Structure formats: C-alpha cells, structure tokens
Amino acid sequence: MKYLKINIEENADIEALKNAVLQLKGVASAEIVDDENPESELKKAFAKTKEQLKKGDYETLVNDIFDIIIKK
C-alpha cells in the first residue's frame with residue numbers, strides 16, 4: 001500500500017481536507033495523524049484494540065500485535 005503525507009498549516013480545516021481527499025478516486029482511507037501528540041496515536045491504538053475485542057476479531061488483533069513486534 002502507498003501513502004501520501006500532507007503537511008498542513010495550523011489554521012487549516014483538517015476535517016474538510018480529509019473529506020475532500022476521501023472523494024478522490026482511488027483513495028481507500030484518510031487518517032489524521034498528529035506527530036506532535038503521540039499520545040493520541042496510543043489512544044487510537046487502544047480504541048482499535050477495544051473494538052476488536054468487542055467484535056471477537058481476535059485474528060486481526062493478534063496479527064496487529066505481531067506486526068508491532070516484528071517492526072521493533
């Protein structure tokens with residue numbers, strides 16, 4: 001999978017930009033990442049794990065954990 005990184009100004013409307021990008025043909029998803037606030041990424045990871053556990057999606061959860069271990 002290929003990614004596109006877009007750096008924005010502080011006063012940019014992030015949600016509007018995200019919605020505009022999602023309208024483009026070939027765009028599967030768009031995610032807002034705040035490099036200056038890594039805690040938000042951790043919160044997202046915990047929320048994703050919580051949803052996976054609720055849904056009983058243990059296979060994906062285990063795969064995500066192995067991906068993290070292998071990358072380190």
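So, how was this worked out
- Residues numbered from 1 in each chain as written.
- Predicted model: local features only at pLDDT ≥ 70, side-chain atom pairs only at ≥ 80, totals over all residues.
- Heavy atoms only, no water.
- Helix = DSSP H or I, 4+ residues; strand = E, 2+ residues; numbered from the N terminus.
- Buried < 20%, exposed > 50% of the residue type's maximum accessible area, 1.4 Å probe, protein only.
- Areas by Shrake-Rupley, 256 points an atom, 1.4 Å probe, with all protein chains shown as cover.
- Polar contact = N/O pair within 3.5 Å; in protein donor to acceptor, adjacent residues only side chain to side chain.
- Contact = heavy atoms within 4.5 Å.
- Patch = residues over 30% accessible without salt bridge, like charges linked within 9 Å, V, L, I, M, F, W, Y side chains within 5 Å.
- Salt bridge = Lys/Arg side-chain N within 4 Å of Asp/Glu carboxyl O.

On a plain count of helices and strands, the chain comes out with three helices and zero strands. Its helices and strands in sequence order give the chain the pattern α-α-α, from N to C terminus. In the chain, buried positions account for 4% of the 72 residues. Put simply, the chain shows about 7000 Å² of open surface, and 56% of that area lies on carbon and sulfur atoms.

Structurally, the position occupied by Gln52 is in helix H2 (residues 38–55). Among the polar contacts made by the side chain of Gln52, one reaches the side chain of Asp64 at a distance of 3.0 Å. Leaving out residues up to four positions away in the same chain, Gln52 has contacts with Asp57, Thr60, Leu61 and Asp64.

This part takes up a nonpolar patch on the surface. Taken together, the side chains of Leu4, Ile6, Ile8, Ile14, Leu17 and Ile32 define a hydrophobic patch exposed on the protein surface, amounting to about 500 Å² of accessible area. Looking at the secondary structure, you find Ile6 in the segment before helix H1 (14–22).

This part is about the pattern of salt bridges. Counted according to the given criterion, the structure contains two salt bridges. Between Lys54 and Glu51 there is a salt bridge, with the nearest N and O atoms lying 3.8 Å from each other. Pair noted here: Lys54 and Glu51 are both in helix H2, with a separation of three residues, about one helical turn. On the basis of relative accessibility, which here comes to 59%, the residue Lys54 falls in the exposed class.

With respect to the helices and strands, Ile8 occurs in the segment before H1. Look at Ile8 and you get partly exposed, because its relative accessible area is 39%. Those residues in contact with Ile8 that lie beyond four places of it in its chain are Ile14 and Leu17.

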